[in-house]
Amino acid sequence: MSFRKISQFVLFTVLIIALAACGSTSGSDDSGSAADKPDENKGTITIGQINWPENIAVTNMWKAILEDKGYEVKLKLIEMGPQMAALAEGDLDVAPEIWLPVQDKSYYEEYKDEANFFEEPWYDNGKVGLAVPTYMEDINSIKDLNENKAKFDGEIVGFEPGAGTMLVTEDVIKEYGLDYELVDSSTPVMISSIKSAVEQEKPIVAPLWKPHYVFSEVDLKFLEDPKNTFGGVEKIYMATREDFSSDFEEVSKWMKNFKLNDKQLGKLMVYTKNNEDNPIKGAQKWVEENQDLIDKWMK
């Protein structure tokens, strides 16, 4: 074969391969296309997580949303104090649950110049206080605790040390002159202790908050707080490390638009609790059912 014919044959072969390649990508409506499922990582976002029902629910919800948009999301289980320190140092991207104006005031005051606290809350109907079972009819105020110290063995059953509500509970003990010890444990241990006590109709007092699924599972009541040490209505805010909004501009905007009411958050908590061993499944189900709401956050 002559050199000219060889050249023509090579050129023809190259054209055929190029056309075939074009045909395999153009006009495709495959659901796995790059438009629908980004095939390149847009970056890794690390979100702090605490073993609280609403926190597990919301962090897994954001993991489901962001990973669907092409981000890699790591959930880092870390208690409140270290979480805020990590945020200030830039070792954590997002702290999703800051209770203000009372519960996490100390952390806000300490880190407000080193982290970005969102101006608007994502939930605005929180309540915090000491709670007892409803069958304890003679105990309705924090003031009633000292004269009933023996019933409670002088203990307030708490959860993770360093949580804002635990710090405020220490203030409550001082403010009311309670001769009680605040016992550190974990949220699951505290909830298990409450359920066990209620089943046996035994006395128990614990610092609790709403929203929390435990109020739908056992009958509890908040004790009156005449000195208002726990505060009134609490709102939940997000905070991010200082440069997060410039590094992840679109995600920062989505999170600032993020809002949940009692019904929406309640259902999300139920879904993740029903999938306790793999809460992301519950979060993904909720995301699928609430896509219209999520679309509003992403405007």
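These numbers come from a predicted model, not from an experiment.

About the thresholds
Residues numbered from 1 in each chain as written. Predicted model: local features only at pLDDT ≥ 70, side-chain atom pairs only at ≥ 80, totals over all residues. Heavy atoms only, no water. Helix = DSSP H or I, 4+ residues; strand = E, 2+ residues; numbered from the N terminus. Buried < 20%, exposed > 50% of the residue type's maximum accessible area, 1.4 Å probe, protein only. Contact = heavy atoms within 4.5 Å. Areas by Shrake-Rupley, 256 points an atom, 1.4 Å probe, with all protein chains shown as cover. Polar contact = N/O pair within 3.5 Å; in protein donor to acceptor, adjacent residues only side chain to side chain. Expected span 1.5 Å × (residues − 1). Arc of directions from axis to C-beta. Phe/Tyr/Trp six-rings, centres within 6.5 Å; stacked < 30°, edge-to-face > 60°. Lys NZ or Arg CZ within 6 Å of the ring centre and 35° of its normal. Axes fitted to C-alpha atoms, helices over the stretch in contact; angles between N-to-C directions. Parallel < 35°, antiparallel > 145°, perpendicular 65-115°, else oblique. Left-handed = near helix turned anticlockwise from the far one by under 90°. Nonpolar A, V, L, I, M, F, W, Y, C, P; charged D, E, K, R; others polar. pLDDT = per-residue confidence, 0-100.

### Description of the overall build of the chain
The helix and strand tally for the chain stands at 12 helices and 10 strands. The burial tally for the chain puts 47% of its 299 residues in the buried class. A separation threshold of at least 6 residues defines the contact pool for the chain, and within that pool the share at least 24 residues apart is 77%. Summed over all atoms, the accessible surface of the chain reaches about 15800 Å², with 47% contributed by carbon and sulfur.

### Quick notes on the environment of K296
By the secondary structure assignment, K296 is in helix α12 (residues 291-297). A residue is classified by how much of its surface remains accessible, and K296, at 54% relative accessible area, is exposed. Through-space distance from the C-alpha of K296 to that of W254 is 8.8 Å; in sequence the pair is 42 residues apart.

### Remarks on the environment of G282
Looking at the secondary structure, you find G282 in helix α11 (residues 279-289). Placed 218 residues apart in sequence, G282 and A64 show a C-alpha to C-alpha distance of 9.8 Å.

### So, the side chain of T187
Following the sequence through the fold, T187 ends up in helix α6 (residues 187-199). Polar side-chain contacts of T187 include one of 3.5 Å to the backbone oxygen of N51.

### Thoughts on the side chain of D225
Its place among the elements puts D225 in the loop between β9 (220-222) and β10 (234-241). Of note is the side chain of D225, whose polar atom sits 2.9 Å from the backbone nitrogen of T229. Excluding its chain neighbours within four sequence positions, the residues that come into contact with D225 are I142, Y176, F230 and G231.

### Examining α6
Taking 1.5 Å as the rise per residue, α6 with 13 residues should run 18 Å; its terminal C-alpha atoms sit 18 Å apart, in good agreement. Buried residues of α6: T187, M190, I191, I194, A197 and V198, and no others. Take α6 and look down its axis: the buried residues cluster within an arc of 130 degrees, on one side only. Buried residues belonging to α6 abut α2 (53-68), β5 (123-133), β6 (155-157), β8 (206-210), α7 (214-217) and β9. Of the residues one or two after α6, E201 is the one with positive phi, at around 55 degrees.

### Quick notes on the packing of aromatic side chains
Evaluation of the coordinates by the stated rule reveals 14 aromatic pairs. With a centroid separation of 5.7 Å and an interplanar angle of 55 degrees, the aromatic rings of W52 and W209 are classed as tilted. Residue W52 is found in the loop between β1 (44-49) and α2, and its partner W209 is found in strand β8; the two are separated by 157 residues along the sequence. Note on accessibility: W52 and W209 belong to one class, buried. Aromatic pair Y108 and F117: ring centres 5.0 Å apart, planes at 80 degrees, arrangement edge-to-face. Aromatic ring contacts, followed pair by pair, group W62, W122, Y123, F258 and W297 into a single cluster. Positioned over the ring face of Y176 is K227, at 5.1 Å from the centre of the ring. Over the aromatic face of Y213 sits the side chain of K273, whose NZ or CZ is 4.9 Å from the ring centroid.

### Side note on unusual backbone geometry
L100 connects to P101 through a cis peptide bond whose omega is 20 degrees. Examined against the element boundaries, P101 turns out to sit in the loop between β3 (94-100) and α4 (105-111). Here the bond from K210 into P211 is cis, since omega is 15 degrees, no more than 30 degrees from zero. Structurally, P211 is set in the loop between β8 and α7.

### A look at the packing of α2 against α11
Look at α2 against α11: their axes get within 8 Å of each other, and the N-to-C directions meet at 65 degrees. Taken together, α2 and α11 sit at an angle that is classed as roughly perpendicular. Pair α2 / α11 crosses with right-handed handedness. Counted together, I56, N60, M61, K63, A64 and I65 of α2 and P279, I280, A283, Q284, W286 and V287 of α11 form the full contact between these two elements. A class-by-class count of the residues in the contact of α2 with α11 yields nine nonpolar, two polar and one charged.

### Description of the confidence of the model for the chain
Of all residues in the chain, 87% have pLDDT values of 70 or greater, and the mean over the chain is 89. Contacts of residues 1-36 to residues separated by more than four positions or lying in other chains number six contacts, the stretch itself having pLDDT below 50.

### Here we look at the environment of N275
Residue placement: N275 occurs in the loop between α10 (262-274) and α11. If sequence neighbours within four positions are ignored, N275 has contacts with K281 and G282.

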